[in-house]
Amino acid sequence: MEPLRVVTATACPLPMSNVDTDQLIPARFMSRPRSAGYGDVLLYDLRFGPDGTPRPDFPLNRPDRAGSAVLVARRNFGSGSSREAAAYALLDHGIRCVLAPSFGDIFSSNAVNNGLLPARMEEEAVEALLAWLEAGNTEVTVDLEARSVAAGGARWDFAIDPVWRTKLLNGWTDLDLTLSHAPAIEAFMEADHARCPWAWLDGPADPTGPR
Amino acid sequence: MAGNGPRTLFDKVWDAHVILTREDGQALLQIDRHFFHEGSHHAFNQLRARGARVARPSQNIGVADHYVPTRGRGAPIADDTIRRMVQQLSDNAVQHGLRLFGLDSPAQGIVHVVGPEQGLTLPGLTVVCGDSHTSTHGALGALAFGIGASEVAHVLMTQTLWQRRPRRMRIAVEGSTGPGIAAKDIALSIIARIGTDGAQGHAVEYAGSAIRALSVEGRLTLCNLSIESGARCGMVAPDGTTLDFLRGRPFAPKGDAFDRAAEAWLALPGDTGAEFDREVVLDGSEIAPVVTWGVSPEDALPVTATLPDPERAADPARAAQIRDGLDYMGLRAGQRLSDIVVDRVFIGSCTNSRIEDLRAAAAVLAGRRARIPGLVSPGSTLVKRQAEEEGLDRIFTEAGLEWAESGCSMCVGMNGDLVGAGERCASTTNRNFKGRQGKGARTHLMSPAMAAAAAVTGHLTDVRPLLEGRA
């Protein structure tokens, strides 16, 4: 996973609440393999009209927002389904950071597991940043180390779980760490077998018989 | 952190699964049940890319639901993509030696219906699935939550998951609800009250006399919708109702083993004095039949209400949301909800497709004709069979609705069961998001009885007068 420290880039305002994962990627696009890429279907039904042509007034389609790596939205971004494809679509479109007052919990985990920063900012800060961007300004700097966003002369702090911050800064995934604890996991599960036999489907509780 | 003080239901289940806790507060949890479905293909591909194996095959159970056709079962699936998705699930299960409730299984159904129905979901277990409505399983006192593909891959490879302990929230519904009020009405009332992000970062425990009075099926509906208020999970403490539901289920322990397990399960309810980070109390007697009008589950109102006016909204962001919702839904401020004409109904989904849901809809439809077309998709093939034994299928078909096979169907439309652009659907599902039931589709969420009432009248309708003189 690509580490993320400082991103200085064009930011795109998306002044909407509850941008759910069904909007981030409509369900009909989810059967494709990861390798096929998901950037073209990000926010598809908002970005494109019924005939498939881009809606010129949609923020991500505006020429001054081309190459945006930062998205700024209102509360409850990424709520809804657990589809990790929502994070794939953002990343494949070039977005590395989403700034919003709140995020869906599952979306946040998925984002971090793919190197996308979900940064929580105060509602007033988001509104100020949205207004600044909608006035025609474009470039912001997101500093994960300092947990801050700079735009024009202004600067705001953002919040991120410290563990997630470390993961993003280093591009770490959980798996290798988990595997290093294999003996502890093994011992715990052995004891659990005796303590809660009903939790295990590899024994006599299995109606289809022992495997 | 775990202490020696009084603990909540959530604390007890969480603590029992912590293998180790890192200095930074992340805990490694043992996962007792992992359910996977056609959409889990990304995770299996991650395993393939690493050349990894499934660590504990017995604890991972596959269910075909998201893409399965609800018509023409037995014949080859015509659509190439859908056939490939269903086949891919089966291939992955076979390759890793995992149990599968596949398309042709007599117990196939929606994963969140099948788990409890089979007794795979039990009190005190940790349950995960790459689906946000995994919160459903908390109705039995399990700690159950949805996860993304990378986490699914992690569970497959280790049967564990790193998590930060969420905050604890108690939502109590006291008193008793009136006639014709379903668990769906309670759940939508809660979401309308606290908002779609009201429980973010929290493990919710539902409590109070109106919750205790719910059947397990009602509790499953309630916990299913926990994610729609942003909750990490929703739980109901196990009690006699829970035990009665589980006894005799195929994968539940039997005989003495059941009694030993039941003893442990009945020790799970929270201790006296256990503290929550947040508490919300609702009065059950004030809950009316609820429908949604907008494009977020928090846009929910009693069916007797009128649509909100963006000009009177508390702040500009809320005004924008109301305007956007009315615009997408083709509605206007001040309109009476009961005047809204609907084009079709859908009764089904992991929220409301169990036998009690079908009975509630049938009680309204018996001897009546639907004015609009509709689809009824039972939550599992076993639910379908039972409904047919009870004659419910005939009530639906004689009313003019279509009786189909089991799957996620029109809740998410992945199998091709779609609501057309601009069409308005009275739906027992869980999300009224834009495009959820199909591009441009307009969804009104409600209980099965309310959906049946809409079918009978052709518009959003208070079901209560239609139930007079009936069960």
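Residues numbered from 1 in each chain as written. Chains lettered and ligands numbered in written order. Predicted model: local features only at pLDDT ≥ 70, side-chain atom pairs only at ≥ 80, totals over all residues.

Peer 1: Could you give me a rundown of the overall build of chain A, with the residues and numbers involved?
Peer 2: Each helix and strand counted, chain A has 8 helices and 7 strands in total. When the 211 residues of chain A are sorted by exposure, 43% land in the buried category. Restricting to contacts in chain A with at least 6 residues of sequence separation, those with at least 24 account for 69%. (Helix = DSSP H or I, 4+ residues; strand = E, 2+ residues; numbered from the N terminus. Buried ≥ 20, exposed ≤ 12 C-beta atoms within 10 Å, placed from the backbone. Contact = placed C-beta atoms within 7 Å.)

Peer 1: Which residues make up the sheet that holds strand S12 (residues 278–283) of chain B, and what are the values?
Peer 2: Residues and elements named next belong to chain B. With parallel pairing, the 4 strands of this open sheet are ordered in space as S11-S10-S9-S12. The strands lining the two open edges of the sheet, one partner per strand, are strand S11 (233–236) and S12. Geometrically, the sheet is characterised by an average inter-axis angle of 20° between neighbouring strands, direction not taken into account. Relative to the sheet, helix H6 (residues 183–194) contacts strand S9 (167–174) and S12, its axis offset from that of S12 by approximately 125°. (Pairing = 2+ DSSP bridges. Axes fitted to C-alpha atoms, helices over the stretch in contact; angles between N-to-C directions.)

Peer 1: With reference to specific residues and values, describe the domain arrangement of chain A.
Peer 2: For chain A, the assigned domains are domain 1 (6–172) and domain 2 (181–211). Each of domain 1 of chain A and domain 2 of chain A was reduced to a C-alpha centroid, and the two centroids are 41 Å apart. (Domains from an automatic or database assignment.)

Peer 1: I'd like a rundown of the domain arrangement of chain B, residues and numbers included.
Peer 2: Residue and element names in this part refer to chain B. Assigned domains within chain B: domain 1 (9–279) and domain 2 (289–467). Domain 1 and domain 2 are separated by 24 Å when their C-alpha centres are compared. Elements that contribute at least two residues to the side of domain 1 that touches domain 2 include exactly helix H4 (111–118), H6 and helix H8 (216–224). The dominant element in the side of domain 1 that touches domain 2, judged by the number of residues it contributes, is H6, at 6 residues. Here the residues of the side of domain 1 that touches domain 2 are counted per class, giving 17 nonpolar, 14 polar and 9 charged. (Nonpolar A, V, L, I, M, F, W, Y, C, P; charged D, E, K, R; others polar.)

Peer 1: Could you give an account of the interface of chain A and chain B, naming the residues involved and the relevant values?
Peer 2: Taken together, the contact between chain A and chain B spans 48 residues of the former and 54 residues of the latter. Those elements that place two or more of their residues in the side of chain A that touches chain B are helix H1 (21–24), helix H4 (105–113), helix H6 (162–170), helix H7 (175–179) and helix H8 (182–195) of chain A. Taken together, the residues that form the side of chain A that touches chain B break down as 18 nonpolar, 17 polar and 13 charged.

Peer 1: Help me get a handle on the pairing of strand S4 (residues 117–120) of chain A, residues and values and all.
Peer 2: Residue and element names in this part refer to chain A. Taking every second residue as pointing to the same face, both faces of S4 are buried, with Leu 117 and Ala 119 on one and Pro 118 and Arg 120 on the other. Two elements, strand S3 (residues 97–100) and S4, share 4 bridges in a ladder whose sense is parallel. In the strand pairing of S4, Leu 99 is matched with Ala 119. Crossover S3 to S4 through H4 is right-handed. (Right-handed = clockwise from strand over helix to strand, strands pointing away.)

Peer 1: Describe in detail the UniProt feature "binding site: [4Fe-4S] cluster" (unreviewed entry) in chain B, supporting the description with residues and values.
Peer 2: Residue and element names in this part refer to chain B. The feature "binding site: [4Fe-4S] cluster" (unreviewed entry), as given by UniProt, occupies Cys 350, Cys 408 and Cys 411 in the numbering adopted here. Spatial clustering of the annotated residues is evident: they stretch over 62 residues in sequence, but the largest pairwise C-alpha distance comes to 8.8 Å. The buried category is assigned to Cys 350, around which 27 C-beta atoms lie within 10 Å. Looking at where Cys 408 falls in the secondary structure, it is placed in the loop between strand S17 (402–403) and strand S18 (424–427). Residue Cys 408 is classed as buried on the basis of its C-beta count, with 33 C-beta atoms lying within 10 Å. When sequence neighbours within four positions are dropped, the list of residues in contact with Cys 408 reads Asp 65, His 66, Ile 110, Ser 349 and Met 414. (UniProt positions renumbered as here; feature names shortened; annotations may be inferred.)

Peer 1: Quick rundown of the nonpolar core? Include the residues and the values.
Peer 2: Counting residues in each nonpolar core, the largest one holds 206 residues, and the members touching the most others are A:Leu99 and B:Ala455. Among the elements that take part in this core, helix H15 (residues 448–457) of chain B stands out by supplying 8 residues, more than any other. Among all residues touching B:Ala455, those that are not within four sequence positions of it are B:Val345, B:Leu365, B:Ala370, B:Ile372, B:Gly374, B:Ala399 and B:Leu401. (Core = buried A, V, L, I, M, F, W, Y, C linked by C-beta atoms within 7 Å.)

Peer 1: Just give me the short version of helix H14 (residues 392–399) of chain B, but keep the residues and values in it.
Peer 2: All names here are of chain B. Among all positions in H14, only Leu 392, Ile 395, Phe 396 and Ala 399 are buried. Buried residues of H14 fall within an arc of 95° about the axis and therefore sit on the same side. The secondary structure elements touched by the buried residues of H14 are helix H12 (355–365), strand S16 (374–376), helix H13 (381–389), S17 and H15. Gly 400 sits one or two residues past H14 and shows a positive phi near 105°. (Arc of directions from axis to C-beta.)

Peer 1: Mind laying out the packing of H12(B) against H15(B), listing which residues take part and the relevant values?
Peer 2: How two helices pack is summed up by the angle between their axes together with the distance between the axes. Residue and element names in this part refer to chain B. The contact between H12 and H15 brings their axes to 8 Å, and the two run at 30°. When the axis of H12 is compared with that of H15, the two are roughly parallel. The two elements H12 and H15 meet at a crossing, and its hand is right-handed. Contact with H12, carried on its side by Asp 357, Ala 360, Ala 361, Val 364 and Leu 365, involves Pro 448, Ala 449, Ala 451, Ala 452, Ala 453, Ala 455 and Val 456 of H15 and no other residues of that element. The residue inventory of the contact of H12 with H15, partitioned by class, reads 11 nonpolar, no polar and 1 charged. (Parallel < 35°, antiparallel > 145°, perpendicular 65-115°, else oblique. Left-handed = near helix turned anticlockwise from the far one by under 90°.)

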